[in-house]
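A look at the structure
Residues per chain are reported as follows:
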Amino acid sequence: MRKVVSPRPSGHTPAHLLISLADMLRAWLPEQRWFAGKGRRVTELTLLSVTELHPACLHLLVRTGRSSSASAPDDCYQLFLGVGEVLPPRLAHARIGRASEGPLAGLTVYDALQEPRSADLLLERLRTAGTAGPLRFERDPKVSVPAGLAPRLLDAEQSNSSLVYGDAYILKVFRRVQPGVNPDLEVPWALARQGCTRVPAPVAWFRTSEPQAATLGVLQPFLPDAVDGWTLALEALTAGRHFTDEAYELGRATAEVHVALAAAFALGAPAGHGSRRLAAAMTARLEATSRAVPELLPHVEGLRGAFDELAVLDSGRPVQRIHGDLHLGQVLWAGERWSVIDFEGEPARPVAERRQPQSPVRDVAGMLRSFDYAARSRHPWRPEWARRCRDAYCAGYAAQARWDPRAQPELLRAYETDRAVYEALYEARHRPDWLPVPMAAIARLAQQHPASSGGPHTPVPSFHSAQGG
Ligand SMILES: Nc1ncnc2c1ncn2[C@@H]1O[C@H](COP(=O)(O)OP(=O)(O)O)[C@@H](O)[C@H]1O
Ligand SMILES: O=P(O)(O)O[C@H]1O[C@H](CO)[C@@H](O[C@H]2O[C@H](CO)[C@@H](O)[C@H](O)[C@H]2O)[C@H](O)[C@H]1O
């Protein structure tokens, strides 16, 4: 590969480089799973920082502005771009485009995370720690990561990109970058200090100081032979088996993590969320989401009922740090026990909000919604399967935590509703074919409230027809 011009030393500013990259990135970004806003055009593109990691690999932070901007704020994405004269056929799938003008004119640009050489380099940087421009590579000095572990990029449907090294470590590269410390570094690190073994502990990470301080990636031990809860639940459904033993153990694991989280992030004084304020925030989110996802509009009044019921319970609710995006895809069965991963929280929310203490019932609701998701995504729909999972999960949680989430039905229902609304937004943005899954729950939740019982019948959308199955 021809040596790529070093952007800064040779005087090429990000603005120069953008001449080469703008068109191809505008076309490529919306195609990526981790791009928040699939199908929308990137109308504006700004290069926020460019760092040469090696002559043929550039680290970029780009800011995108999107069409229909009212519902889609600007986002910052992390990219690793490989640049060379000829792209080897084995990297054809990683191709982003060929620059026709600017400093990279005539060169081919590709996603360097898909290339072993760049992945090796990234591990080497993390192993040894140090800096590269505004990038800081840091590690736990007590852990020594071996050199030369073979990399592979996970092809899982993800919000980020993950590289597995020698089946010993996994590096999560955050794609959508927000200012501040990422909870997916902060929380597992704190839990490890707390002695909690349900969460793989970070061994190295990297961050940037430009344009603002932000976490960019985290290396953790890889759990070999792990199977995620979503896969196991679907296997059980397909085989016509219940999932109650697994759900019970999952409830216990969740409670164990919650107890460790409460200890790791002690609030100093007992804290609570006023129900009225919480209900108002949920209602505001519902209204904002219904503007972005018009399918929600017929259900807004009914859903609001769940939040109104919460608002009139004027007692405070205990809060603490929680997982924030708990679902079956975030739990791994490995070594005969459940582990919990991905403490990033809901990627669409600002990091500052995700780090706020919240009721642990919110995580419980996330997992209950996930049992419903699994049941809804298989034909025939088996509501009884999901109901048994719910009961077993809550029973396992209660056995470990010594309080039962079902004892607070209004709070649980409000959080399930809030989660279903979030899911509708997530699916509309990332996987429109899946939108009928949360919409089915939304129709059901909206009809549970008396305010909606006299209203026009809203047909429950079918996931299977949307999937053509
Ligand atoms: N420590 C780990 N050990 C084994 N597999 C893991 C580990 N961490 C993540 N994975 C795998 O990577 C997938 C994506 O990880 P996750 O942290 O959920 O990324 P994202 O936030 O991009 O969805 C998981 O579903 C799981 O299959
Ligand atoms: O990428 P993350 O795992 O951080 O989470 C996001 O993507 C999830 C989908 O991959 C999404 O989860 C929804 O779909 C799951 C099945 O694929 C289901 O288990 C979850 O219950 C459902 O919420 C998650 O909401 C989103 O934040």
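Residues numbered from 1 in each chain as written. Chains lettered and ligands numbered in written order. Predicted model: local features only at pLDDT ≥ 70, side-chain atom pairs only at ≥ 80, totals over all residues. Heavy atoms only, no water.

1. Overview of the nonpolar core
Defined as follows: Definition used in this section: a nonpolar core is a set of buried Ala, Val, Leu, Ile, Met, Phe, Trp, Tyr and Cys residues joined via side-chain atoms within 4.5 Å. The rule is simple: take the accessible area with a 1.4 Å probe, protein chains only, and divide by the maximum for that residue type; under 20% is buried, over 50% is exposed, in between is partly exposed. Helix numbering and strand numbering both begin at the N terminus, where a helix is a DSSP run of H or I of at least 4 residues and a strand a DSSP run of E of at least 2. Where each domain begins and ends follows an automated or database-derived domain assignment. Contacts are assigned to residue pairs with any non-hydrogen atoms lying within 4.5 Å of each other.
Counting residues in hydrophobic clusters, the biggest one holds 70 residues, and the most contacted among them are Leu191, Phe243, Leu328, Phe371, Trp385 and Tyr393. In terms of residue count, the dominant contributor to this core is helix 9 (residues 361-376) (9 residues). A domain split of this core shows at least three residues from each of domain 2 (118-221) and domain 3 (227-447). The contact partners of Trp385, leaving out residues within four places of it in the chain, are Ala233, Leu237, Arg241, His242, Phe243, Phe371, Ala374 and Ala375. Of all hydrophobic cores here, the second largest spans 28 residues; its members include Phe80, Leu135, Leu171 and Val203.

2. Re the pattern of salt bridges
Selection rule: When a carboxyl oxygen of Asp or Glu is within 4 Å of a side-chain nitrogen of Lys or Arg, the pair counts as a salt bridge.
Summed over all chains, the structure comprises 39 salt bridges. Between Arg406 and Asp391 there is a salt bridge; the shortest N-O distance is 3.6 Å. Here the residue Arg406 occupies a position in the loop between helix 10 (383-401) and helix 11 (409-430), and Asp391 occupies one in helix 10, the gap between them amounting to 15 residues. When its relative accessible area of 34% is taken as the criterion, Arg406 is described as partly exposed. Put simply, Asp404 and Arg406 hold a salt bridge, and the shortest N to O gap is 2.8 Å. With relative accessibility at 24%, the residue Asp404 sits in the partly exposed group.

3. Points about the domain arrangement of the protein
The test is simple: Accessible area, probed at 1.4 Å, shrinks when two parts are joined; the buried area is that loss added up over both. Side-chain atoms alone can form a polar contact between residues adjacent in sequence; in general such a contact is a pair of N or O atoms within 3.5 Å, and within protein one must be able to donate a hydrogen while the other accepts it. Polarity classes work like this: nonpolar for Ala, Val, Leu, Ile, Met, Phe, Trp, Tyr, Cys and Pro, charged for Asp, Glu, Lys and Arg, and polar for all others, with Gly in that last group.
Per the domain assignment, the segments of the protein are domain 1 (14-114), domain 2 (118-221) and domain 3 (227-447). Placing the centre of domain 1 and that of domain 2 at their C-alpha centroids yields a distance of 22 Å. Of the roughly 2,000 Å² buried between domain 1 and domain 2 on both sides combined, carbon and sulfur atoms contribute 61%. For the pair domain 1 and domain 2, the number of links is 2 salt bridges. The salt bridge involving Arg175 is made with Asp111; its shortest N-O contact spans 3.6 Å. Joining domain 1 to domain 2, the criterion identifies 6 residue pairs in polar contact (both at pLDDT 80 or more). Of all the elements in the fold, those that place two or more residues in the side of domain 1 that touches domain 2 are strand 1 (42-54), strand 2 (57-66) and strand 3 (75-84). It is strand 3 that provides the largest number of residues to the side of domain 1 that touches domain 2, a total of 6 residues. Tallied by class, residues from the side of domain 1 that touches domain 2 come to 12 nonpolar, 6 polar and 3 charged.

4. Remarks on the site of ligand 1
How we decide: Near is defined per residue: the residue qualifies when any heavy atom it owns lies within 4 Å of the molecule or strand. Accessibility throughout is a Shrake-Rupley quantity obtained with a 1.4 Å probe, and a residue counts as covered only by protein chains that appear here.
Within the structure, ligand 1 sits among 16 residues, and Gln158, Asn160, Lys172, Leu223 and Asp342 are positioned closest to it. Within the contact set of ligand 1, an oxygen atom lies 2.8 Å away from a backbone nitrogen or oxygen of Asn160. The contact in question runs from an oxygen atom of ligand 1 to an N or O atom on the side chain of Gln330, over 3.3 Å. Calculation on ligand 1 without its partners gives an accessible area of 550 Å², and the protein chains cover 86% of this total. Grouping the constituent residues of the shell around ligand 1 by class yields 8 nonpolar, 5 polar and 3 charged. When residues are assigned to domains, the shell around ligand 1 turns out to be shared by domain 2 (118-221) and domain 3 (227-447), each giving three or more.

5. Examining the packing of helix 6 (residues 275-292) against helix 7 (residues 300-311)
Selection criterion: Helix axes use the C-alpha atoms of the stretch in contact, all axes being lines fitted to C-alpha atoms, and the angles between their N-to-C directions lie in the range 0 to 180 degrees. Roughly parallel covers angles under 35 degrees, roughly antiparallel covers those over 145, roughly perpendicular covers 65 to 115, and oblique covers all other angles. Each crossing is labelled by how the near helix is turned from the far one, with a counterclockwise turn of less than a right angle marking it left-handed and a clockwise turn marking it right-handed.
Put simply, helix 6 and helix 7 touch, their axes get as near as 8 Å, and they point 165° apart. Taken together, helix 6 and helix 7 sit at an angle that is classed as roughly antiparallel. Judged by the twist between their axes, the crossing of helix 6 over helix 7 is right-handed. Contacts between helix 6 and helix 7 involve Ser275, Arg276, Leu278, Ala279, Met282, Thr283, Leu286, Glu287 and Ser290 from the former and Val300, Leu303, Arg304, Phe307, Leu310 and Ala311 from the latter. Across the contact of helix 6 with helix 7, the residue classes tally to 9 nonpolar, 3 polar and 3 charged.

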